[in-house]
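Summary of structural features
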Amino acid sequence: MKLSKIIFVISIMASFLMLVASVIALVIHDTLYFWFMFVLLVVSILQNISFYKHIYISKEPAKN
């Protein structure tokens, strides 16, 4: 497994943890932390999509 794919998997797990943190913040009514984690979650998902396209769709593999 290439290093770029390992980093991609770790990034997906980090996005999931941000989602969990957002839900926990929503449950305990901490709106500032909720919005902060939600914005980070959206940015992380957009980066994951871009990175996925770079790894799997392009003909050239990601450079380590």
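Refer to the preceding data block for the structure.
A few points on the structure. (Residues numbered from 1 in each chain as written. Predicted model: local features only at pLDDT ≥ 70, side-chain atom pairs only at ≥ 80, totals over all residues. Heavy atoms only, no water.)

With that settled, the discussion passes to the overall build of the protein. Regarding its fold elements, the protein presents two helices and zero strands. Here the contacts in the protein between residues at least 6 apart in sequence split such that 57% fall between residues at least 24 apart. Entry remark: accessible area of the protein is about 5100 Å², with carbon and sulfur atoms responsible for 76%. (Helix = DSSP H or I, 4+ residues; strand = E, 2+ residues; numbered from the N terminus. Contact = heavy atoms within 4.5 Å. Areas by Shrake-Rupley, 256 points an atom, 1.4 Å probe, with all protein chains shown as cover.)

Once that is clear, we can look at the side chain of S44. Tracing the backbone shows S44 in helix α2 (residues 31–57). Residues within four places of S44 in sequence aside, it is in contact with S11, S15 and M18.

Turning to a nonpolar patch on the surface, a few remarks are in order. A cluster of nonpolar side chains, namely F16, L17, L19, V20, V23, I24, V27 and I28, defines an oily patch on the protein surface of about 770 Å² accessible area. Locating L17 in the fold gives a position in helix α1 (residues 3–27). (Patch = residues over 30% accessible without salt bridge, like charges linked within 9 Å, V, L, I, M, F, W, Y side chains within 5 Å. Salt bridge = Lys/Arg side-chain N within 4 Å of Asp/Glu carboxyl O.)

The next thing to look at is α1. Over its 25 residues, α1 runs 36 Å from end to end, which matches the ideal 36 Å to within 8%, given 1.5 Å per residue. For α1, every residue scored as buried is listed here: S4, F8, S15, M18, A21, S22 and A25. Along its buried surface, α1 packs onto α2. Two residues or fewer after α1 comes H29, characterised by a positive phi angle close to 65°. (Expected span 1.5 Å × (residues − 1). Buried < 20%, exposed > 50% of the residue type's maximum accessible area, 1.4 Å probe, protein only.)

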